[in-house]
Amino acid sequence: GLNGIGMAEWCTEGRGLKAIYYFRRALGENPEFAEAQYNLGVAYQKLRPLDARDAIEKALELENDHWDASYRLGQGLEKEGDGSAALDAYRAQVSVNPNHGEARYRLGKMLFARGTHHEAARIFGGLMTAGGEVENRAYLEMAVLSNLAKDYKSSQRLFETYIDRLPQREREVFRDISLVASKEELELLRKAPRKEKVAARKRFWNQLDPAPLTPANERLVEHYRRVAFAREKYSAGSFPWDDRGDVYVRLGNPDHISRSDRVVAETD
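Keep in mind that what you see is a predicted model, and the values were worked out from it rather than measured. (Residues numbered from 1 in each chain as written. Predicted model: local features only at pLDDT ≥ 70, side-chain atom pairs only at ≥ 80, totals over all residues. Heavy atoms only, no water.)

> Quick question: what am I supposed to make of helix H15 (residues 243-251) here?
Note that an α-helix has 3.6 residues per turn; residues three or four places apart therefore point the same way. For H15, the full list of buried residues reads Gly245, Tyr248 and Val249. The arc that holds the buried residues of H15, viewed along the axis, is 95°, so those residues lie on one side. Facing away from the buried side of H15 by more than 90 degrees, the exposed set consists of Asp243 and Leu251. In the segment just after H15, Gly252 is the residue with positive phi, at about 80°. (Buried < 20%, exposed > 50% of the residue type's maximum accessible area, 1.4 Å probe, protein only. Helix = DSSP H or I, 4+ residues; strand = E, 2+ residues; numbered from the N terminus. Arc of directions from axis to C-beta.)

So, in structure tokens, the structure goes:
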């Protein structure tokens, strides 16, 4: 009952600390109550992140095949920068709960980042029938992987399937050409009748197609990839992204990257 009250408090805006109080009371009554320990860890992730890892690890000690705790642990380890441990946590979650779509997705993302593209593709391919938001994201990841493999026809098809599933506001971000078109081209698009705007955008991209005889428009696929990257990396606190996103969509991958925490000799 105390755990249930805590869950109700947690679902009420501004009542997180009260929820923690009840989860701790539940554990006071029964220190072996794994679900209350897990709920405490989830609450700590949001309100007391320094205490979250210990709380979730304790939940796993109490119930090592918990349906979600290993995934939560992986999230925290990723934020701490411990990629290897996070990868192990996601693998552990998938092994005990194969239907955990988010754990499978994060596992695929981490494998992709580490260059293990074949296994990542297998995971994302399996998620393309998972339903919900994770299915949509799987289409995007498969589009990126196909692009990397230079299968531009599949990449364009997957990107466009993903885009068609997005809310209208998000679809327009991918279809917007304001960062890549000239002022004259934008003016022509603005003046085009509403029913002809789709055809006008298509003509614009056809002019940029570097290989018109192939079944895909490689420049359009690259634009989709840049937009997806900017939305993922540069959108915190700003829609669709901050100034870095504008630069990335215009120019693509940088030739050189500097980091303030990795001091190296720089050239002009």
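> Sorry, what's going on with the nonpolar core here?
Side chains that are nonpolar tend, in soluble globular proteins, to be buried together. Formed by 55 residues in total, the largest nonpolar core has its most connected members in Phe124, Leu127, Phe159, Tyr162, Phe174 and Trp241. At eight residues, helix H9 (residues 132-148) tops the list of elements feeding residues into this core. In this view, Leu127 contacts Gly101, Arg104, Tyr105, Val134, Glu135 and Ala138; residues no more than four positions away in its chain are not counted. Of all hydrophobic cores here, the second largest spans 13 residues; its members include Ile20, Ala26, Ala43 and Ala55. (Core = buried A, V, L, I, M, F, W, Y, C linked by side-chain atoms within 4.5 Å. Contact = heavy atoms within 4.5 Å.)

> In this structure, what is going on with the packing of aromatic side chains? I would like to understand it.
Under the defined criterion, the tally for this structure stands at 11 aromatic pairs. Each ring, one from Tyr21 and one from Tyr22, has its centre 5.1 Å from the other, and the planes form 75°; the classification is edge-to-face. Look at Tyr21 and you get partly exposed, because its relative accessible area is 40%. Here a set of aromatic residues connected by ring pairs shows up, and it is made of Phe159, Tyr162, Phe174 and Tyr224. (Phe/Tyr/Trp six-rings, centres within 6.5 Å; stacked < 30°, edge-to-face > 60°.)

> Whenever I open this one, unusual backbone geometry confuses me. Can you help?
Note: most peptide bonds trans; most residues except glycine with negative phi. Cis geometry is adopted by the peptide bond preceding Pro240, which originates at Phe239 and carries an omega value of -5°. Topologically, Pro240 is positioned in the loop between helix H14 (218-233) and H15. The residue Lys150 is not glycine, and still its phi comes out positive at about 65°.

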